[in-house]
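Spelled out from the first residue to the last, the chains are:
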Amino acid sequence: QAVLADSTARSAAKIPHGNLSITTRDGWSTQIGFGANTGGNAQQYSLSLREVNVAGLSYQASVGGDYSSVNERGWGINGTLGDPNIFGSHIQASGKFSLSKLDNVGVLSVGRPYFSDYSQWGFGTTLSYLDGIDYLYTHTQPVRAIGVPLRTMDAGGWYGGSRGGD
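In this text the structure is predicted, and so the values were computed from the model without any measurement.

On to the sheet that holds strand β8 (residues 145-161), then. The eight strands are arranged β1-β2-β3-β4-β5-β6-β7-β8 in an open sheet whose pairing can be described as antiparallel. Edge positions in the open sheet fall to β1 (30-39) and β8, since each of these has one partner strand only. The sheet shows a mean angle of 10° between the axes of neighbouring strands, direction not considered. Where β1 and strand β2 (residues 42-54) come together, ten bridges link them in antiparallel fashion. Note that in β2 the partner of Ala-36 across the bridge is Tyr-45.

Structure, rendered in structure tokens:
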């Protein structure tokens, strides 16, 4: 690091010729998640596996399973896949899904954040889909859950510009 720092301070004519060797080491990037919640007569459990550097390419992926006794939902699976910097452009893209007996969800997102003080523009777009059951609860005793089928597709987005650090 000292040689590189010293070299950049000199003019191009004074930089010595030779070989530069940079050694990097990738840390462990796989994460395991577990969750458990209980309350009243309800139980919820989840287990997930997340990798934030798939094949050393910075892709992010996860897969998981969960169980919920709320409204007899049962078992579900979920997953994500994303690229946080497509071809070095700072554009991000990701997809997510969740499937269970009561609902199916899908989300696609594309965006470019303000990644530095000199970013002159940014945007974000999201398309989501839900096919499931929404529950309404009565205020009478005993409380009853009334399942209402729900199917929706939503889209949203934003764009912003700045003077790029001026």
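Turning our eyes to something else, we now look at the pairing of strand β6 (residues 103-112). Bridge count between strand β5 (residues 92-100) and β6: eight bridges; the pairing is antiparallel. From the neighbouring strand, Lys-96 faces β6, where its bridge partner is Val-107. The antiparallel hairpin formed by β5 and β6 contains two residues in its connecting segment. Pairing analysis gives ten bridges linking β6 to strand β7 (residues 121-137), with the strands arranged antiparallel. Within β7, the position partnered with Val-110 by the bridge is Thr-125.

In this section: the packing of aromatic side chains. With the rule as written, the count across this model stands at four aromatic pairs. On the numbers, 6.4 Å between centres and 25° between planes, the contact of Tyr-45 with Tyr-67 is stacked. Of this pair, Tyr-45 sits in strand β2 while Tyr-67 sits in strand β3 (residues 59-68), and the two are 22 residues apart along the sequence. Among the residues examined, Tyr-67 registers a relative accessible area of 25% and is labelled partly exposed. The interplanar angle of 10° and the centroid separation of 6.1 Å between the aromatic rings of Trp-121 and Phe-123 together place this pair among those described as stacked. Site record: aromatic cluster; members linked through ring pairs are Tyr-45, Tyr-67 and Trp-75. A cation over an aromatic ring shows up here: Arg-112 above the ring of Trp-121, its NZ or CZ 3.8 Å from the ring centre.

Conventions used here
- Residues numbered from 1 in each chain as written.
- Predicted model: local features only at pLDDT ≥ 70, side-chain atom pairs only at ≥ 80, totals over all residues.
- Heavy atoms only, no water.
- Pairing = 2+ DSSP bridges.
- Helix = DSSP H or I, 4+ residues; strand = E, 2+ residues; numbered from the N terminus.
- Axes fitted to C-alpha atoms, helices over the stretch in contact; angles between N-to-C directions.
- Phe/Tyr/Trp six-rings, centres within 6.5 Å; stacked < 30°, edge-to-face > 60°.
- Buried < 20%, exposed > 50% of the residue type's maximum accessible area, 1.4 Å probe, protein only.
- Lys NZ or Arg CZ within 6 Å of the ring centre and 35° of its normal.

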